[in-house]
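# Coordinate analysis (summary)
Read off the chains here:
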Amino acid sequence: MKIIVCIKQVPATMKVEVDAESGTLKRIGQNAKTNPYDLYAIEAALRIREQVGGSVTALTMGPQQTEEMMRDAYMMGVDEAVVMSDPKFAGSDVLATSFTLFQGIRLLGGADLIICGKQTTDGDTAQIGPAIAEHMGIPHVAWVSNIERVTTDLISVIQKTGSFIQESEMKFPCLITVDKDIFVPRLPSYRLGLATANKNIRFISFKDLSDKNMTRYGLIGSPTKVEKMFQPESSDGQEYINGTSIEKADSIFELLKNQKII
């Protein structure tokens, strides 16, 4: 079975910089980490491989510095790491990002199963996985909380949305997005780190893709327009409230009311 896991590098700090012209995050040179939800996706892929065999490829779109994240993916046990990196991809919204990843998956020869984390901690749209599936024309299930059964032909999963629980069965090829706690992600292995230290990471750029319609990539291909993005002002000021519990509650209420929070 061929499994592709789509992962993303996200800011590892609240102190991020915003590009004033494009309204997007500046990612190059920033402290970054693997999106936490994507660690669950990697773990799910590795467990499925252990059960039915096959290979696991980690795929990401981002700047050159994402190579460090892919080294961590190797240390977890993935078989191949692929980075889609090109200035033409910068500033992509959900539509452009999902289309770019779709083109990358197509270039890799497709997959039986594509796994994504439920969402990212920087965008929080939870739309990339379903959007990739729509581009590919394959079935998908989002917010998967448990994998019930996997064979060489199909996968059965449990989906929890808060209001209902649903079991779905899909034949391959298909896509799922996994919620946190589906499995406990394994720690990167020191032994695998040594074994994969010199392992190749494949880089894909715009010129490698079959579809070169620039209206589908980057800022040009992103219909979502951000009106304003800014860093919230931080404050270290503290205010102490004294009195009885009722007096403290009244004071907190007045503070929140004056700041128009309530």
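Residues numbered from 1 in each chain as written. Predicted model: local features only at pLDDT ≥ 70, side-chain atom pairs only at ≥ 80, totals over all residues. Heavy atoms only, no water.

Time to look at the overall build of the chain. Within the chain, the regular secondary structure consists of 6 helices and 11 strands. Expressed as lengths along the three principal axes of its C-alpha atoms, the size of the chain is roughly 65 × 40 × 40 Å. Each of the 262 residues in the chain was classed as buried or not, and the buried ones make up 42%. Long-range pairs, those at least 24 residues apart, make up 70% of the contacts in the chain with a sequence separation of at least 6. Positive and negative charge centroids in the chain, built from 28 and 32 side chains respectively, lie 4 Å apart. (Helix = DSSP H or I, 4+ residues; strand = E, 2+ residues; numbered from the N terminus. Buried < 20%, exposed > 50% of the residue type's maximum accessible area, 1.4 Å probe, protein only. Contact = heavy atoms within 4.5 Å. Lys, Arg positive; Asp, Glu negative; His and termini not counted. Charge placed at Lys NZ, Arg CZ, Asp CG, Glu CD.)

Considering the arrangement of structural elements, one finds Asp179 in the loop between strand S10 (174–178) and helix H5 (190–195). A relative accessible area of 16% means that Asp179 is categorised as buried. At 3.5 Å, the side chain of Asp179 and the side chain of Lys118 are in polar contact. Beyond its immediate sequence surroundings of up to four residues, Asp179 is in contact with Tyr37, Tyr40, Lys118 and Val144. (Polar contact = N/O pair within 3.5 Å; in protein donor to acceptor, adjacent residues only side chain to side chain.)

Take the sheet that holds strand S5 (residues 80–84) next. Pairing in this open sheet of 9 strands is mixed, and the strands run S9-S8-S7-S10-S6-S1-S4-S5-S11 from one edge to the other. Of all strands in the sheet, those with a lone pairing partner are strand S9 (165–171) and strand S11 (202–204), marking the two edges. Across the sheet, the mean angle separating the axes of adjacent strands is 35° when strand polarity is ignored. Pairing between strand S1 (residues 2–6) and strand S6 (residues 113–117): 4 bridges, direction parallel. Residue pairing across strands places Val5 opposite Ile115, the latter belonging to S6. Helix-sheet contacts for helix H3 (residues 94–107) involve S1, strand S4 (55–61), S5, S6 and S11, and the interaxial angle to S4 is about 145°. (Pairing = 2+ DSSP bridges. Axes fitted to C-alpha atoms, helices over the stretch in contact; angles between N-to-C directions.)

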